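If you want the building blocks of each chain, they are given just below.
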Amino acid sequence: MSKTLTTAGGHPVAQNQHSLTAGERGPVLIQDMHLIEKLAHFNRERIPERVVHAKGAGAYGTFTVTADITKWSRAAVFSKVGKKTETFLRFSTVAGEKGSADTERDPRGFALKFYTEEGIWDLVGNNTPVFFERDPSKFPDFIHSQKRDPITGYKNPKRMWDYWAKSPEAMHQITILFSDRGIPDGYRFMNGYGSHTFSLWNAKGERFWVKFHFKSKQGIKNLSPARAAELAGSDPDYATRDLFEAIERGEFPEWRVCIQVMPEADAAKYRFNPFDLTKVWSHKDYPLVEIGELELNRNPKNYFAEVEQAAFSPANLPPGIGASPDKMLQARLFAYPDAHRYRLGVNYQQLAVNRSRSAVNSYHRDGSMRFDENGTYDNYEPNGFGGPAQDPSVAEPPLALAGTVDRHDQHKGNDDYSQAGDLYRLLSAEERERLTQVIAGTMKGLDRAIVLPNLEHFAKCDPDYGARIANKLGLKL
Ligand code: NDP
């Protein structure tokens, strides 16, 4: 026997197929509250889509510690070898809208939520170890240049190459984006990176700078541009479906979790700014240390509730894990929770997928759509009723700073080219050929005034890199 259909208020519904009308052929009555509620709720089904990372797929999983790193971090999530923590990982493309194809050439989001006993830890990364920008004041302009032309409403490579001609710090990420790894074969066959420099701090109050790497145990697999274009038409949800179906089949994707560790004092001595998001730390200088494994093993029960409403914030950091002076990270500490307050409302952290598995004892109260108990004690602190109080034992060690308050030029004298060149030189001859072919393809027909400065940037990364693209465009450098 099926359940009785009800309204949102729980009233049994007598008729769900026929509207209430005045006479058989007469108009619909406004007193048909069931119909009105259906239409009104339907009108409100959509929430604002994310400005970036709108199209995504997610799954729950388990993080297991495989090495003792308590010498670097006091975080409970790392407290002992074998410890398991529930996670939720949302993958995404970046520039496309919610209905866009999964197989577009684009970085992929790799946003990982750990439900630790000391609150949520969100590591909100990408499938690339670097980014196009190092100064957050450029971020909205950069994204505008990648999105639709505000006049015509369609995307135009002219705008992105025009922007990049004046933003050579993007060269490293551009090289990854247009390489074979720019179109991963779904979400299982790619690496994830925390990308930013983060910090770990131990029980003695010592700080270490870290980079997080997630190496796919499935290996790296990419789609050719031709196959990706075909799938964009025939199976635009290719990656979303692939992830869901693999987990349903019991083929749980796994990643080796590794870190690079830099003692705090090394940062000032390193040959470049280790907080610059356009750069990686050489593995030779700071080798990868394997610390755990990540397995995805459970599909969400409902896409909207758990994937669309999943809200990640790099500011969600339990004691023992911290931010760094990385300027892009600093901006994201603000921008992500701000986006969620706008998209989901101020109480978004109460939603099941976002809720801390450990007790939340704050004095925040009320607000739109409050749907927990709203606190079971009075709402101020300090107080005499024994309410939750601060715990100085979880304080982050202080960070020494120096310098002047100014709008410092982050680009002057910075080496934008060497690491992009290193990557180019690391690619096989066939990979270089495909990379330069794809880049030249997107530049075809553009004004020389836009193309030439970009070719100069590529040539500064590696003379062969610039020359090959120029040749394919019928130009001489
Ligand atoms: P290594 O030889 O130690 O490492 C090379 C790295 O390049 C590996 O991590 C490899 O990933 C990755 N890689 C291979 N092909 C591609 C590609 N098409 N797109 C992106 N990454 C790729 O060298 P170094 O540490 O000295 O770094 C050299 C260059 O390698 C850097 O300039 C950077 O562009 C790239 N790189 C470096 C990383 C780092 O953290 N040091 C991380 C990722 C890239 P895998 O092992 O998974 O195949």
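Engineer: Explanation requested: the overall build of the chain in the structure shown.
Structural biologist: On a plain count of helices and strands, the chain comes out with 13 helices and 10 strands. In terms of overall dimensions, the chain is globule-like: its C-alpha atoms have a radius of gyration of 25 Å, near the 23 Å expected for 477 residues. Referenced to the eigenvectors of the C-alpha coordinate spread, the extents of the chain come out at roughly 80 × 65 × 50 Å. A total of 477 residues make up the chain; the buried ones form 49% of that total. When the accessible surface of the chain is split by element, carbon and sulfur atoms take 55% of a total near 24100 Å². Put simply, the chain has 62 plus and 61 minus side-chain charges, and the middle of one group is 2 Å from the middle of the other.

Engineer: Would you mind going over the site of the ligand with me for this structure?
Structural biologist: Close contacts around the ligand come from 20 residues, with H172, R181, N191, W281 and H283 the closest. Measuring from a nitrogen atom of the ligand, one finds a backbone N or O atom of W281 at 2.8 Å. H283 has a polar backbone atom sitting 2.8 Å from an oxygen atom of the ligand. Contact with the protein chains hides 79% of the accessible area of the ligand, taken as 790 Å² for the molecule alone.

Engineer: What is the right way to read the domain arrangement of the chain from this model?
Structural biologist: It is common to give the size of an interface as the accessible area lost on bringing the parts into contact. Partitioning the chain into structural domains gives domain 1 (1-38), domain 2 (56-133 + 184-355) and domain 3 (418-472). A C-alpha centroid distance of 63 Å is found between domain 1 and domain 3.

Engineer: Just to check I follow, could you spell out the side chain of R134 for this structure?
Structural biologist: Turning to its location among the elements, R134 is positioned in the loop between β4 (119-126) and α2 (139-146). Residue classification places R134 among the buried residues on the basis of a relative accessible area of 5%. Separated by 2.9 Å, the side chains of R134 and D276 make a polar contact. In terms of polar contacts, R134 uses its side chain to reach the side chain of T278, at 3.2 Å.

Engineer: What exactly am I supposed to notice about the packing of helix α3 (residues 157-165) against helix α4 (residues 171-178) here?
Structural biologist: Describing two packed helices takes the angle between their axes plus the distance from one axis to the other. Direction vectors running N to C along α3 and α4 enclose 145°, while the axes themselves pass 11 Å from each other. By crossing handedness, the relation of α3 to α4 is classed as left-handed. Judged by residue contacts, M160, W161 and W164 of α3 engage I174, L177 and F178 from α4.

Engineer: Would you take a moment to explain the nonpolar core for this structure?
Structural biologist: For soluble globular proteins, nonpolar side chains are generally found buried alongside one another. Residues W161, W164 and F178 are the most contacted members of the largest nonpolar core, which totals 40 residues. In terms of domain composition, this core takes at least three residues from each of domain 2 (56-133 + 184-355) and domain 3 (418-472). Apart from the residues within four sequence positions on either side, W164 is in contact with F132, F142, Q146, A170, I174, L177, F178, N454 and H457.

Engineer: How should the pattern of salt bridges be read in this particular structure?
Structural biologist: Proximity of charged atoms lets side chains of opposite charge pair with each other. Applying the stated criterion across every chain yields a total of 38 salt bridges. The shortest N-O distance in the salt bridge between K138 and E169 comes to 2.8 Å. Of this pair, K138 sits in the loop between β4 and α2 while E169 sits in the loop between α3 and α4; the two residues are 31 residues apart in sequence, bridging distant segments of the chain. Its salt-bridge partner being D276, residue K279 comes within 3.0 Å of it at the nearest N-O pair. We note that K279, like D276, is buried. Overlapping salt bridges bring together R50, K98, E308 and R343 as one network.

Engineer: Sorry if this is basic, but what is going on with the pairing of strand β2 (residues 84-93) here?
Structural biologist: For β2, the buried fraction is high: 8 of the 10 residues fall into the buried class. Pairing of strand β1 (residues 56-65) with β2 involves 9 bridges; the strand directions are antiparallel. Within the sheet, the bridge partner assigned to A57 lies in β2 and is F91. Strand direction decides the pairing type here: β2 and strand β3 (residues 108-116), joined by 7 bridges, are antiparallel. Along β3, the bridge assignment pairs T93 with R108.

Engineer: Could you clarify how one ought to interpret the environment of I30 in this entry?
Structural biologist: Positionally, I30 belongs in the segment before α1 (33-43). Spatially, the C-alpha atom of I30 lies 8.5 Å from that of L20, the residues being 10 residues apart in sequence.

Engineer: Help me out: how do you make sense of the side chain of T278 in this one?
Structural biologist: Tracing the sequence through the fold places T278 in the loop between α7 (266-269) and β9 (289-298). On the basis of relative accessibility, which here comes to 4%, the residue T278 falls in the buried class. Within polar-contact distance, the side chain of T278 engages the side chain of D276 at 2.8 Å. When neighbours within four sequence positions are excluded, T278 is seen to be in contact with V130, F131, F132, E133, R134, E169, H172 and Q419.

The rules behind the values
Residues numbered from 1 in each chain as written. Predicted model: local features only at pLDDT ≥ 70, side-chain atom pairs only at ≥ 80, totals over all residues. Heavy atoms only, no water. Helix = DSSP H or I, 4+ residues; strand = E, 2+ residues; numbered from the N terminus. Rg over C-alpha atoms; globule rule 2.2 N^0.38 Å. Buried < 20%, exposed > 50% of the residue type's maximum accessible area, 1.4 Å probe, protein only. Areas by Shrake-Rupley, 256 points an atom, 1.4 Å probe, with all protein chains shown as cover. Lys, Arg positive; Asp, Glu negative; His and termini not counted. Charge placed at Lys NZ, Arg CZ, Asp CG, Glu CD. Near = heavy atom within 4 Å. Polar contact = N/O pair within 3.5 Å; in protein donor to acceptor, adjacent residues only side chain to side chain. Domains from an automatic or database assignment. Axes fitted to C-alpha atoms, helices over the stretch in contact; angles between N-to-C directions. Left-handed = near helix turned anticlockwise from the far one by under 90°. Contact = heavy atoms within 4.5 Å. Core = buried A, V, L, I, M, F, W, Y, C linked by side-chain atoms within 4.5 Å. Salt bridge = Lys/Arg side-chain N within 4 Å of Asp/Glu carboxyl O. Pairing = 2+ DSSP bridges.

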